[in-house]
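# A closer look at the structure
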Amino acid sequence: MQSSFSWSPSRSQIEASSLQKFLSRHGLGDYAELVEKADADPAWFWDSVFRHHDILFDKEYRSVVEYTNGPEQPEWCLGGTTNVVLNCIDRHAGTAVWEKPAIVGVGEDGTERSLTYRELDREIAVLAGILKARGIGKGDVVAIYLPMVPEAAVALFAIMKIGAIMLPLFSGFGPEPIAARLAHAGVKAIVTADVALRRGKQIALLDTVLDALEDTPSPVEVIVLDRETGRVREGDGRYTAWRPGAEDVAPVPTEIVEADSPAMLIYTSGTSGAPKGTIHTHCGMLAKNALDMGLCIDMGRDDRLLWMSDMGWIAGPKMIFASALFGATLIIVEGTPTWPQNDRLFKIAAEQRATILGLVPTIIRQIMKSGGLAPEGRDLSALKCIISAGEPWTEEAWLWFFEKVGESRVPILNYAGGTECGGAILIGTMHHPSRPCSFGGPVPGSGVDIVDPRGEPVEKNVIGELVLRRASIGLTRGLWREPDRYMQAYWSQIPGMWVQGDLASRDEHGLWYLHGRSDDVIKIAGKRTGPSEIESVVMQTGLVKDCAVVGVDDPLSGSALLCVYVPAGDDEPDVSNTVIREAVAERCGASFRPKHFLRVTELPRTRNDKSMRRILRSIFHDTPLGDTSSLANPAIIDSIRSAFTDQIAAPRTRQ
């Protein structure tokens, strides 16, 4: 632990923030006082958030929250009506925002396309008209299977504008996971494109959708964005072509809906069984984005947000909602952060004068280990903050990024929550100092705490389970068509508490830390730890490009550590394994010295670069893998199984 903070906010940064204006407006001394008041009186808090950000309701709600169905399933904004599009698009008409860029799209070849808010509104009307002409309307579920191009934002808002429910899908899904979600959600239409571009290759999205529909029991309307590749043909009865840029566009009124009615259905993978369909409402998404991105991240109309993501991860839709809600500019990028050049992410951030940069820590570790000091020579002076989400940092990567990219002046605002939460549970702000890997604190209004298995609060610097003592307005309203599964999945482990599934701790300065998923917890010789601390030590040896550690069953000791890694060079396995083993023993304690090593060419990762450690554990124990539909590299499973057989199973059998 360092003796001083790596970054501390200046008085001017604090005073200029939206958070400070909120605190002053309500006579609150600091963030901790806000959390205490908001947790005690969530009705006051969420009403205050709505009013602070001037969230529009066509009909005002009579009550912010009621608990008729119990504390786990409150009803929000009763009697109120609104629409996300009313607040994100319609409200800007006739203002100075209307003619400014809403979306700047950057292609893999560096080409740019931008849409002002006025132009975005026109394109939304084009697609909304197509959907309505195909019989799609209020309450229907419409899927989006698109690359990250400006039309992804158009599709999101067009679906919600007509009162339909938007279902985003990962652009890397194959036919099977698409078909499963279309069937489970009862999708009436899907908006896709002829192709996506990734690492210089064309990926045939339309062909994938048509294959998926062969296994879908109910008819699904297909709307295809024509990117002029020649794949979209007139008169093909299987789909309707969507060609943006129409001259004459008939106006489409925004459908006003009940404030707490579903706006987005998004699936999150489970460790076993089918993916879970989480439900997010109009008022819930408006309030959560106003809190996370407005109060905490301090986004405003002068900001330019760059966060390379995918529509299938909560960050994809969230950045579209948030940037439009505040009248900011979103830089939406197709492809990957490190192709065609290692510093692509930083190149775009510099050229586009991004003020807020979002990313996943894995990307930084990959850039570090590739040998390229990517930010050098790039002017990133416009950055005011960096958002990190998706997984915990290693200290080495955090410090490298803070110093190399942020030049030790730009705060890293760590952000952790989940699809089910609609956003953050822990977050950094412009009011909190930071240390490597730290979070400023919990978001207000949710009763965030860290507890032991009995539900008792843990002491400082003790790792425990991250929980919510209150249901937040941003939480999913349940699981689509599975109400019992919702209660079992989130509210039954510790009665009266939402269990997020993350391990966390607090230090003596009030800063919070994540230590990985609780189902990844490693318990050896009676000691519990998250994998990130051990992985950080392994990475610091310089012998690996990527790694994951998991706890596995052991017939002698009860549990042991498996270290799976991608080697950085040609060192002999026995040499590397010995160095790693002793480094972990020295830094983490002898009981955490890895017993098993597995050298692989690639780790199993999701499309948003999360390491799927449970797959490694399942391969080791030869148990079912569970849901693997979110894997970015499913083919790697067979390779890892083969490596396991050669390096661990076969030698163990010979013994």
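Residues numbered from 1 in each chain as written. Predicted model: local features only at pLDDT ≥ 70, side-chain atom pairs only at ≥ 80, totals over all residues. Heavy atoms only, no water.

## Re the pattern of salt bridges
- According to the stated counting rule, one finds 33 salt bridges in the structure shown.
- E99 is paired through a salt bridge with R118; the nearest N and O atoms lie 3.0 Å apart. With E99 in the loop between α5 (84–88) and β4 (101–106) and R118 in helix α6 (residues 117–133), the pair connects residues that are 19 residues apart, well separated along the chain.
- Classification of R118 by relative accessible area gives partly exposed; the value is 36%.
- Across the pair E123 and R122 runs a salt bridge, and its minimum N-O distance is 3.2 Å.
- For R122, a relative accessible area of 32% puts it in the partly exposed group.
- Each of D47, R51 and E60 takes part in a single network of salt bridges with overlapping partners. (Salt bridge = Lys/Arg side-chain N within 4 Å of Asp/Glu carboxyl O. Helix = DSSP H or I, 4+ residues; strand = E, 2+ residues; numbered from the N terminus. Buried < 20%, exposed > 50% of the residue type's maximum accessible area, 1.4 Å probe, protein only.)

## Structural notes on the side chain of S63
- Its location among the elements puts S63 in strand β1 (residues 63–66).
- Judged by relative accessible area, S63 falls into the buried class, the value being 16%.
- A distance of 3.5 Å separates a polar atom in the side chain of S63 from a polar atom in the side chain of E66.
- Contact partners of S63, with chain neighbours within four places excluded, come to C77 and L78. (Polar contact = N/O pair within 3.5 Å; in protein donor to acceptor, adjacent residues only side chain to side chain. Contact = heavy atoms within 4.5 Å.)

## Observations concerning the side chain of D502
- Within the fold, D502 resides in strand β25 (residues 498–506).
- According to the relative accessible area criterion, D502 is buried, its value standing at 8%.
- Here the side chain of D502 touches R517 through a polar contact of 3.1 Å, side chain to side chain.
- Setting aside chain neighbours within four positions, we find D502 in contact with G417, G464, E465, L466, L514, G516, R517 and S518.

## A look at helix α14 (residues 395–404)
- Along α14, the residues classified as buried are A397, W398, W400, F401 and F402.
- In the core, the buried residues of α14 are packed alongside α12 (344–351), β18 (356–359), α13 (361–369), β19 (385–388) and β20 (412–418).

## Considerations on the pairing of β25
- Burial within β25 is extensive, with 9 of its 9 residues counted as buried.
- Here 4 bridges tie strand β24 (residues 464–468) to β25, and the two strands are oriented antiparallel to one another. Bridge pairing in β25 links E465 to L503.
- Pairing of β25 with strand β26 (residues 512–517) involves 4 bridges; the strand directions are antiparallel. Bridge pairing in β26 places S505 opposite Y513. (Pairing = 2+ DSSP bridges.)

## Here we look at the packing of aromatic side chains
- As enumerated under the stated definition, the model contains 18 aromatic pairs in all.
- A ring pair is formed by W44 and F45, whose centres lie 6.2 Å apart and whose planes are at 45°; its orientation type is tilted. The pair formed by W44 and F45 is uniform in burial state, with each residue classed as buried.
- With a centroid separation of 5.1 Å and an interplanar angle of 20°, the aromatic rings of W398 and F402 are classed as stacked. Within this pair, W398 and its partner F402 are both found in helix α14, separated by 4 residues, close to a single helical turn.
- We classify W398 as buried; its relative accessible area is 0%.
- Relative accessible area serves as the criterion here: at 4%, F402 is assigned to the buried category.
- In this structure an aromatic cluster arises from ring pairing among F22, W44, F45 and W46.
- Directly above the ring of W44 sits K37, whose terminal nitrogen or CZ lies 4.5 Å from the centroid. (Phe/Tyr/Trp six-rings, centres within 6.5 Å; stacked < 30°, edge-to-face > 60°. Lys NZ or Arg CZ within 6 Å of the ring centre and 35° of its normal.)

## Overview of the sheet that holds β18
- Read from one edge to the other, the open sheet built from 9 strands follows the order β5-β4-β17-β16-β18-β19-β20-β21-β22, with strand pairing classed as mixed. On the outer flanks of this sheet lie β5 (112–116) and β22 (441–442), each paired with one strand and no other.
- In this sheet, β18 lies alongside strand β16 (residues 304–307) in parallel orientation, the contact comprising 3 bridges. Residue L306 lies in a different strand from β18, and its bridge partner there is L357.
- Sheet strands in contact with α14 are β18, β19 and β20, and its direction is about 135° off that of β20. (Axes fitted to C-alpha atoms, helices over the stretch in contact; angles between N-to-C directions.)

## Some details on unusual backbone geometry
- In this model, W339 is joined to P340 through a cis peptide bond whose omega is 15°.
- On the secondary structure map, P340 appears in the loop between β17 (329–333) and α12.
- The phi dihedral of C77 falls on the positive side, at around 50°, and the residue is not glycine.
- A positive phi angle is found at E228, which is not glycine, with a value near 60°.
- Mapping E228 onto the fold places it in the loop between β11 (221–225) and β12 (240–242).
- With a relative accessible area of 72%, E228 lands in the exposed category.

None of the figures reported here should be taken as evidence of function without further support.
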